[in-house]
Amino acid sequence: MFKTLFSRPTKLSSTKASSVGSSHTRSIAKSCLPKTEVQQTVLKKIEADYQQAEAILGRQFPRPIVQFTLRGKSAGTAHLQLNKLRFNPVLLEENSTEFIEQVVPHEISHLLSYQLFGRVKPHGVEWQRIMHQVYNVPAHTTHQLNTQSVAGKQFEYYCACGPVQLSIKRHNKVLRNQTQYRCKNCSQVLAAKA
């Protein structure tokens, strides 16, 4: 099953490929040390997930730099060329179980997909197969965590369907006449309350 998916040549350079097994890359690089117990749990989960991927895929992978510095509504992000993972510490603390079970393998799968296949669609077939076959996790493209505490200021706009909330970033783009937003349901241009 994995031969067809994972037997394609990788896009790692020869210098990266030769350093994969070194002790330096075996442990997770920590440029932003964990401050809480749940952050330490995330680091342990990352290492366990990498070991699982190595056992299933039959090769070693360099460990990423891990930071807990992400802000806003995003739970995590993978920086492919930097081999770095960034996580939202607020969403982690508020939703630790779901975060660890869903977000961590989601972001690791992005790094593994890049290391195995190079640039591919972010949530394409390669990423989906890693999610399913390596981690046995549903390949959801977005998280369902409660983001109320990190949502930021919202502005009410209207269409035929009723009120729609826009973020401050989108509101400011409307004010600067940089863009207009349309309702997903009725396709009417959203307008601020007069």
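Scroll up for the structure.
The paragraphs below set out a description of the structure included in this document. A quick note: this is a predicted structure, and the numbers were derived from the prediction, not measured.

1. Points about the pattern of salt bridges
At step 1: Per the stated rule, a full pass over the model turns up 3 salt bridges.
At step 2: With a closest N to O distance of 2.9 Å, Asp49 and Lys45 form a salt bridge. Taken together, the residues span about one helical turn, with Asp49 and Lys45 both in helix H4 (residues 37–57) at a distance of 4 residues.
At step 3: Note on Asp49: relative accessible area 2%, which makes it buried.
At step 4: Assessed through its relative accessible area of 24%, Lys45 is described here as partly exposed.
At step 5: Between Glu54 and Arg63 there is a salt bridge, and its shortest N-O distance comes to 2.7 Å. In this structure, Glu54 and Arg63 share a single accessibility class: buried.
At step 6: Each of the salt bridges in this network shares a partner with another, and the network as a whole consists of Glu47, Glu54 and Arg63.

2. Let's talk about the pairing of strand S3 (residues 84–87)
At step 1: Where strand S1 (residues 65–67) and S3 come together, 3 bridges link them in parallel fashion. Looking at S3, one finds that Gln67 is bridged to Arg86.
At step 2: Examined bridge by bridge, strand S2 (residues 76–79) and S3 share 4 bridges and lie antiparallel to one another. Along S3, the bridge assignment pairs His79 with Lys84.
At step 3: Taking the residues between adjacent antiparallel strands as the criterion, S2 and S3 are bridged by 4 residues, where Asn83 takes a positive phi near 50°.

3. Digging into the pairing of strand S4 (residues 154–159)
At step 1: Burial along S4 is one-sided: Phe155, Tyr157 and Cys159 are buried, while Gln154, Glu156 and Tyr158, pointing the other way, are not.
At step 2: Two strands pair when backbone bridges link them, and S4 and strand S5 (residues 162–167) are joined in this way by 6 bridges, in the antiparallel orientation. Directly across from Glu156, in S5, lies its bridge partner Gln165.
At step 3: As judged from the 2 bridges shared by S4 and strand S6 (residues 191–192), these two strands associate in the antiparallel manner.

4. Comments concerning unusual backbone geometry
At step 1: The phi angle at Asn83 is positive, at roughly 50°, despite the residue not being glycine.
At step 2: The topology assignment puts Asn83 in the loop between S2 and S3.
At step 3: The backbone of Asn136 shows a phi angle near 55°, a positive value even though the residue is not glycine.
At step 4: Among the secondary structure elements, Asn136 is positioned in the loop between helix H7 (125–134) and S4.

5. Thoughts on the environment of Gln165
At step 1: In this structure, Gln165 sits in strand S5.
At step 2: Classification of Gln165 as partly exposed rests on a relative accessible area of 42%.
At step 3: Residues Gln165 and Phe155 lie 10 residues apart in sequence; the distance between their C-alpha atoms is 5.4 Å.
At step 4: What Gln165 contacts, discounting residues up to four positions off in sequence, is Gln154, Phe155 and Glu156.

6. Remarks on the sheet that holds S5
The pairing of strands in a sheet happens through backbone hydrogen bonds and is either parallel or antiparallel.
At step 1: Reading across the sheet, the 3 strands line up as S5-S4-S6 and stay open at both edges, with antiparallel pairing between neighbours. The sheet terminates laterally at S5 and S6, the two strands that pair on one side only.

7. What about a positive patch on the surface?
At step 1: Together, Lys73, Lys169, Arg170, Lys173, Arg176 and Lys184 make up a region of like positive charge exposed at the surface.
At step 2: Among the secondary structure elements, Arg176 is positioned in the loop between helix H8 (168–175) and S6.

The rules we used
- Residues numbered from 1 in each chain as written.
- Predicted model: local features only at pLDDT ≥ 70, side-chain atom pairs only at ≥ 80, totals over all residues.
- Heavy atoms only, no water.
- Salt bridge = Lys/Arg side-chain N within 4 Å of Asp/Glu carboxyl O.
- Helix = DSSP H or I, 4+ residues; strand = E, 2+ residues; numbered from the N terminus.
- Buried < 20%, exposed > 50% of the residue type's maximum accessible area, 1.4 Å probe, protein only.
- Pairing = 2+ DSSP bridges.
- Contact = heavy atoms within 4.5 Å.
- Patch = residues over 30% accessible without salt bridge, like charges linked within 9 Å, V, L, I, M, F, W, Y side chains within 5 Å.
- Areas by Shrake-Rupley, 256 points an atom, 1.4 Å probe, with all protein chains shown as cover.
- Lys, Arg positive; Asp, Glu negative; His and termini not counted.
- Charge placed at Lys NZ, Arg CZ, Asp CG, Glu CD.

By themselves these figures say nothing about function.
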